[in-house]
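# A look at the structure
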Protein chains: 2
Amino acid sequence: MAHHVVVVGGGFGGLEAARALGPFSVQVTLVDRQNYHLFQPLLYQVATAGLSPGDIASPIRNLVAEHSNVEVRMGDVQRVDLANKRVHLADGELQYDSLVLAAGVRHSYFGKPEWEGDAPGLKTLDDALELRRRVLMAFENAEREDDPQRRAAWLTFVVVGAGPTGVELAGAISELARFTVANDFRRFDPRTAKIVLVEAGPRVLSAFDTGLSGKARASLERLQVDVRLMTRVLDVTSEGVKLPDGFLPARTVMWAAGVEAPPLAKTLGVELDRAGRIKVQPDLSVPGHPEVYVIGDLASFPLPDGSTLPGLAPVALQQGRHVAEVIEARRAGRPTAPFEYVDKGIMATVGRASGIAQAGALRLSGMLGWLAWLFIHIVFLIGFRNRLVVMFQWAWAWFTYGRGARLITGTTPVPPASPRRAPEPSAAPESAELHG
Amino acid sequence: MAHHVVVVGGGFGGLEAARALGPFSVQVTLVDRQNYHLFQPLLYQVATAGLSPGDIASPIRNLVAEHSNVEVRMGDVQRVDLANKRVHLADGELQYDSLVLAAGVRHSYFGKPEWEGDAPGLKTLDDALELRRRVLMAFENAEREDDPQRRAAWLTFVVVGAGPTGVELAGAISELARFTVANDFRRFDPRTAKIVLVEAGPRVLSAFDTGLSGKARASLERLQVDVRLMTRVLDVTSEGVKLPDGFLPARTVMWAAGVEAPPLAKTLGVELDRAGRIKVQPDLSVPGHPEVYVIGDLASFPLPDGSTLPGLAPVALQQGRHVAEVIEARRAGRPTAPFEYVDKGIMATVGRASGIAQAGALRLSGMLGWLAWLFIHIVFLIGFRNRLVVMFQWAWAWFTYGRGARLITGTTPVPPASPRRAPEPSAAPESAELHG
């Protein structure tokens, strides 16, 4: 029997590990809950109707088809049994010789999981479609609403967390309101929509230099995003968010404020960090289990300064390649090398033609930062066909401000709204179902 | 107050009526359950992963934005009150001076509505995404299944009804299995998949000449579709279909066998035909109610030979334009003209590079029929951007046999399957949930 490597997760890290293991004489099983690999950095574009799900996702089977020793298994991993070298799925189990955990993270509500229903996050394609549905339905509901206060609540969008996802979401929603749907409604002006970006820390995009971070904030404010720094969310309901200075009525709240490891991490019984991520050794293996590796967002990789590597696609990709080498080295009886991250820099975008990029001593902002962002994201987008389609969609959107994927799909196309001609606005029943 | 026209339904007929009313001095409210207009003739392409939802749908608001007298209202029409000229929505009501009903039809199970869960139809975008999920999941489940008989049931796809939708679905699924995913699985050869097209009548595509119909059948058989004519479905379960010659195990069954009017039609209290469609006068109005019109699939328009006009996009489009003229004429006190359908012909496609078209004395088949089909569908696809994207997707698929939208989305990504290592196949519990 060939050495069997089980890879859990088909994101950047897991997919790269499986492909890098392709040339070696091992048998690989790549397990994912979904049948597709997702280009997560562009997920906010699906949530804001700029791109279709198919543009940023590719079937995993297709991406590993050239490697006949890689098998793909759709499945939900529930538990890892380190002692017996077994992975338990919802519908079966897998025996491994080496295990690569690349299961990623999910959004964290800092001990308030009950907020999730009213403030969904953005990690999966289904999350993105749900956010898209809520954002587009908010405008539809505003059109059906006669009471000015309740209409204003439908036209207020709160994004919690000013990391890259939160900043990108806020910028894109503002553009959607101010340009894309500007002429689509008859009873209100979509340009009056309010986008509020709430951040507990002192600046947006805190991973960047203060200078770039300030420029990003200025870009957001040019897009009329109301940026509230040093502001903590105290409560979230279907009616809005409670902030230190009072209650902000808002029917659409999005969560981009933090991540935590999935419950799977706890089942290993090894040491975790504060976010629940698994602490790894310099060669990415789990202490005491040289045959088990953790990569990508799920790994807590210590840096000399006491911090850990951030959850970025380049980190996951490099770790995926490294872990394949380590597995092959161990199998061949060679010593394993420690992982070293080659920092290629970071970048983010703030709406149309404005972005920031930081790499080594290089600092880019504005149009140049945006072009750098565009180039890198197009080049790394998985699948040549997707690259062409996305380029076309963007070029189109650039010239027309149109968005190709403005569809409200899902099981609740028409949520209950207060009746158009309700005589007593205050007596109308509140609808919580849209946020259910 | 301007004359208020309420148009129910944003399909081909309703959208065309609203746009044709745009230049007149009337106030129009276009009501639809969805926020988008759907190019239904290509819906089967979404169901078989060739196109993304965004490629064949456009926001209704956008399509009528140039007409400031047209208002769009998302809403679910439940009942029409002819006496009081009122349309009741799930969340309000609308008063009309003229009413245009263009609500379309849904699939009919001939008195067996309980079959719908196991044999869903294809009328909406959500239907298409559900079919896509089932078709792609069937291959995933086949890969997880060790028992040859149960695997064969996952690899058997039954399409009920050999009209255009059924024929297009069967052809596209066969191509998906034989080309697109041919190298994606390790435990079975997708080319062994069986596609069975069941038709109660004596031939496929019976709206066409016998000659063209025969050619379509030959094309299907070249694609290895098992065409069973004069075969009635006696029962549908989650395990397969009961046919006159025995039970056919198949975990994926699709319904394309007939249509019926939605319950809305009954609420008018006027005469309906056998399919529940509303019988209309020569000017498309409802007998006794010259201010109420029915167009498109929902209308039963009598022809001199005793038959009725078929449910086709060109019929709906021409009726939409006609009804706008009739409403304007009546408002101006001019006599109304009877509707006359200008038959532009019919066409259908059977997989890659094979189609049939029939117009007047013209008969096209094979590559030529397919090119005619392609040209017409691209030209009439609503939205210039969509035309370009769809053309690109098709050109890409043509050269690579790839399909860009092979994503399994939805709320049940991993259905329960029988455990991989089940020792007793016959003792494993049957999973009905996938079809729930």
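Quick notes on the rules
- Residues numbered from 1 in each chain as written.
- Chains lettered and ligands numbered in written order.
- Predicted model: local features only at pLDDT ≥ 70, side-chain atom pairs only at ≥ 80, totals over all residues.
- Heavy atoms only, no water.
- Salt bridge = Lys/Arg side-chain N within 4 Å of Asp/Glu carboxyl O.
- Helix = DSSP H or I, 4+ residues; strand = E, 2+ residues; numbered from the N terminus.
- Buried < 20%, exposed > 50% of the residue type's maximum accessible area, 1.4 Å probe, protein only.
- Pairing = 2+ DSSP bridges.
- pLDDT = per-residue confidence, 0-100.
- Contact = heavy atoms within 4.5 Å.
- Axes fitted to C-alpha atoms, helices over the stretch in contact; angles between N-to-C directions.
- Left-handed = near helix turned anticlockwise from the far one by under 90°.
- Nonpolar A, V, L, I, M, F, W, Y, C, P; charged D, E, K, R; others polar.
- Buried area = accessible area lost by both parts, 1.4 Å probe.
- Polar contact = N/O pair within 3.5 Å; in protein donor to acceptor, adjacent residues only side chain to side chain.
- Phe/Tyr/Trp six-rings, centres within 6.5 Å; stacked < 30°, edge-to-face > 60°.
- Lys NZ or Arg CZ within 6 Å of the ring centre and 35° of its normal.

## Observations concerning the pattern of salt bridges
Under the criterion given, the structure shown has 42 salt bridges over all chains. For A:Asp76, the salt bridge goes to A:Arg33, with nearest N and O atoms at 3.1 Å. Separated by 43 residues along the polypeptide, A:Asp76 in the loop between strand S5 (70–74) and strand S6 (77–81) and A:Arg33 in the loop between strand S2 (26–32) and strand S3 (36–38) bring together distant segments of the chain. The class of A:Arg33 is partly exposed, set by a relative accessible area of 46%. Between B:Arg61 and A:Glu143 there is a salt bridge, with its nearest N and O atoms 3.8 Å apart. Separated into two different chains, B:Arg61 in helix H3 (residues 60–63) and A:Glu143 in helix H4 (residues 125–144) make up a pair that spans both. Relative accessible area serves as the criterion here: at 1%, A:Glu143 is assigned to the buried category. When salt bridges with common partners are traced through the structure, they connect A:Arg61, B:Glu140 and B:Glu143 into a single cluster.

## Some thoughts on the pairing of strand S23 (residues 346–349) of chain B
All names here are of chain B. As defined by bridge partners, S23 adjoins strand S24 (residues 355–359) across four bridges and the pair is classed as antiparallel. Counted as the bridge partner of Ala348 is Ile356 from S24. As consecutive antiparallel partners, S23 and S24 are separated by five residues, and within that stretch Gly351 has a phi angle of approximately 75°, a positive value.

## Digging into the confidence of the model for chain A
Residue and element names in this part refer to chain A. Summing up the model confidence of chain A, the mean pLDDT is 89 and the portion of residues at 70 or higher is 91%. Under a pLDDT of 50 for its full length, residues 412–436 has, in the predicted model, 51 contacts with residues more than four places off or in other chains. Model confidence for the complex is summarised by a pTM of 0.86, with the ipTM given as 0.82.

## Points about the packing of helix H1 (residues 12–21) of chain B against helix H8 (residues 313–331) of chain B
All names here are of chain B. Where H1 meets H8, the axes come as close as 7 Å, and the angle between the chain directions of the two elements is 35°. Between H1 and H8 lies a crossing of right-handed hand. On the side of H1, the interface is formed by Phe12, Gly13, Glu16, Ala17, Ala20 and Leu21, while H8 contributes Ala313, Ala316, Leu317, Gly320, Arg321, Val323, Ala324 and Ile327. Tallied by class, residues from the contact of H1 with H8 come to ten nonpolar, two polar and two charged.

## Describing the interface of chain B and chain A
Contacts between the two partners involve 56 residues from chain B and, on the opposite side, 56 residues from chain A. Carbon and sulfur atoms make up 53% of the area that chain B and chain A hide from each other, which totals about 5100 Å². In this structure, the connection of chain B to chain A is made through eight salt bridges. Between A:Arg187 and B:Glu71 there is a salt bridge, with the nearest N and O atoms lying 2.8 Å from each other. At the junction of chain B and chain A, the tally comes to 16 residue pairs in polar contact (both at pLDDT 80 or more). Across the side of chain B that touches chain A, the residue classes tally to 25 nonpolar, 14 polar and 17 charged.

## Examining the sheet that holds strand S24 (residues 355–359) of chain A
Residue and element names in this part refer to chain A. Ordered by their spatial adjacency, three strands build an open sheet running S23-S24-S25, and the pairing between neighbours is antiparallel. The open sheet is flanked by strand S23 (346–349) and strand S25 (362–364), the only strands paired with a single partner. On average, each strand axis in the sheet is tilted by 0° relative to the strand beside it, whichever way the strands run. Taken strand by strand, helix H9 (residues 366–380) contacts S23, S24 and S25, and its axis lies near 110° from that of S23.

## Re the packing of aromatic side chains
Applying the stated criterion across every chain, the model contains 16 aromatic pairs over all chains. With a centroid separation of 5.4 Å and 35° between ring planes, the pair formed by B:Phe139 and B:Phe157 is classed as tilted. Of this pair, B:Phe139 sits in helix H4 (residues 125–144) while B:Phe157 sits in strand S11 (residues 156–160), placing them 18 residues apart in sequence. Neither B:Phe139 nor B:Phe157 differs from the other in exposure class; each is buried. Members of the aromatic cluster, joined through ring pairs, are A:Tyr109, A:Phe110, A:Trp115 and A:Trp255. Directly above the ring of A:Trp154 sits A:Arg251, whose terminal nitrogen or CZ lies 4.2 Å from the centroid.

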